[in-house]
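Chains, contacts and geometry: an overview
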Amino acid sequence: MLTLLIGLSLGAYLSRRITFHVDDFDQASTTLDYKTIWENIVAFFAAIGFVCNWGISTGRKTRNYFNNVLSPWLEGFGINIKIPALQLPTMPTTAQLD
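Residues numbered from 1 in each chain as written. Predicted model: local features only at pLDDT ≥ 70, side-chain atom pairs only at ≥ 80, totals over all residues. Heavy atoms only, no water.

In summary, the side chains of a regular strand alternate between the two faces of the sheet. Across 5 bridges, the pairing between strand S1 (residues 18–22) and strand S2 (residues 28–32) is antiparallel. Across the sheet, the residue bridging to Ile18 is Leu32, located in S2. Remark: 5 residues form the turn of the hairpin made by S1 and S2, two consecutive strands paired antiparallel; Asp26 in that turn has positive phi of roughly 60°. (Pairing = 2+ DSSP bridges. Helix = DSSP H or I, 4+ residues; strand = E, 2+ residues; numbered from the N terminus.)

This is the structure in structure tokens:
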């Protein structure tokens with residue numbers, strides 16, 4: 001369903017950027033506005049980058065607020081809550097060639 005929605009959106013977008021013209025001699029021509037399409041692609045990926053960075057930043061601020069403010073406040077009432085931390089895999093510190 002998501003593929004269909006993306007395909008329909010892309011088709012609707014391109015239909016606004018493609019122009020068909022038939023002249024008096026029954027010759028058809030098609031023009032595509034590449035400049036606008038590339039500008040919109042760059043703007044789309046810039047927007048995605050902004051949203052991703054905003055989401056990551058908001059998550060970090062929320063985690064820091066919980067660890068530094070909420071958790072000590074709750075511990076004052078005898079409630080001890082720990083949020084699990086993500087442990088990413090790391091490379092070995094010593095180089096071993098086999």
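Close approach of charged atoms allows side chains with opposite charge to pair. One pass over the full model with this rule turns up 2 salt bridges. Across the salt bridge formed by Lys35 and Glu39, the nearest N and O atoms sit 3.3 Å from each other. Note that Lys35 and Glu39 are positioned in helix H2 (residues 34–75) at a spacing of 4 residues, about one turn of the helix. Residue classification places Lys35 among the exposed residues on the basis of a relative accessible area of 59%. Glu39 sits in the partly exposed class, given a relative accessible area of 43%. Lys82 is paired through a salt bridge with Glu75; the nearest N and O atoms lie 3.6 Å apart. Given the relative accessible area of 61%, Lys82 is considered exposed. (Salt bridge = Lys/Arg side-chain N within 4 Å of Asp/Glu carboxyl O. Buried < 20%, exposed > 50% of the residue type's maximum accessible area, 1.4 Å probe, protein only.)

What follows deals with the environment of Ser15. If you trace the backbone, Ser15 turns up in helix H1 (residues 2–17). Remark: the alpha-carbon pair of Ser15 and Leu32, spanning 17 residues in sequence, is separated by 9.6 Å. In terms of polar contacts, Ser15 uses its side chain to reach the backbone carbonyl oxygen of Ala12, at 2.8 Å. (Polar contact = N/O pair within 3.5 Å; in protein donor to acceptor, adjacent residues only side chain to side chain.)

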